[in-house]
Amino acid sequence: SQRVREDRAIAGPASVGIVLANVASAAAQVGIVALIAPGLLSPILPVLGLPVLVGLSAAAIGWLAIGRDDDDGSFALGNPLAFRATVTFGGMLALILVIVTIASRLFGEAGVLVTAGLGGTTDVHAVTLAVSNLFEVGEIEASRAALAVLLAFTANMAVKLGLAGWAGGRAVAVRVWPPLVVMVLAGLAGWMLRPPG
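Report follows, based on the coordinates. All values reported here derive from a predicted model rather than from experimental measurement.

### Some points on the overall build of the chain
When helices and strands are counted, the chain shows 7 helices and 0 strands. Scanning the chain from its N terminus toward the C terminus, one meets helices and strands in the order α-α-α-α-α-α-α. By residue count, 44% of the 197 residues in the chain fall in the buried class. Taking all contacts inside the chain whose residues are at least 6 apart in sequence as the whole, residues at least 24 apart take part in 79%. In the structure as shown, the chain presents an accessible area of about 10,100 Å², 70% of it carried by carbon and sulfur atoms.

So this is what it looks like as C-alpha cells:
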C-alpha cells in the first residue's frame, strides 16, 4: 500500500498482491487448525474456506483486469524472513498464547472470544493457534472455537481494510476494499453454514 503512494502505476498489481496475501493468511489459519486440532477442521473449513475461494476469485478477476503493460518489473519485495520481523512474530505469538490461556481460565469461553477479537487485530495466526490448543485440550467446544477464529479473522480484516486505505489511499482502497469485505461476508456465511456441533 505504501509503495502505491510512491508509484500509482503499480496500484493494480499491488492490490492483487494484497488480496492474495489475505487469502494466504486465511489458508494459513486452516493449516494451523489442521496441524494442531484436526477435530476442529470441520467447523473451521466453511468459516475460512469460503473467504479463501472468494479471495482467489477476486484476485484472478483483478489480475485479468490489469493490462500487461502496467507491470514494468520495478516492484521489488523485501525479505519475508527478515530477522526483526521473525522475532516480532515470535514475541507476539507467545504473548497471545499466554493471554488467551489466562482469559480462558479466568473468564471461560467469553474471555476467549473477547481476547480472540482483540488479538486478531494484531496477529490472527497466534489467536488461531491458541484457540486450536484450547480446543485440543478440551477447554473450549468446537462451535465456540470456530466463532473465536471467525472473530479474529474479522477483526484482522477490519484492520487491514483501514491500513490499505490509509497507507495506499484511494488508488488501493477502491481495488482492495470490495474483495476484502466480500471475504469477511463469506466468513460470516461460512459460520452460518458450518456443521452443527
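### Examining a nonpolar patch on the surface
On the surface, a cluster of nonpolar side chains totalling about 440 Å² of accessible area is made up of Val 98, Ile 102, Leu 106 and Phe 107. With respect to the helices and strands, the residue Phe 107 is situated in helix α4 (residues 83-119). Residue Phe 107 is classed as exposed on the basis of its relative accessible area of 60%.

Conventions and cut-offs
Residues numbered from 1 in each chain as written. Predicted model: local features only at pLDDT ≥ 70, side-chain atom pairs only at ≥ 80, totals over all residues. Heavy atoms only, no water. Helix = DSSP H or I, 4+ residues; strand = E, 2+ residues; numbered from the N terminus. Buried < 20%, exposed > 50% of the residue type's maximum accessible area, 1.4 Å probe, protein only. Contact = heavy atoms within 4.5 Å. Areas by Shrake-Rupley, 256 points an atom, 1.4 Å probe, with all protein chains shown as cover. Patch = residues over 30% accessible without salt bridge, like charges linked within 9 Å, V, L, I, M, F, W, Y side chains within 5 Å. Salt bridge = Lys/Arg side-chain N within 4 Å of Asp/Glu carboxyl O.

None of the figures reported here should be taken as evidence of function without further support.
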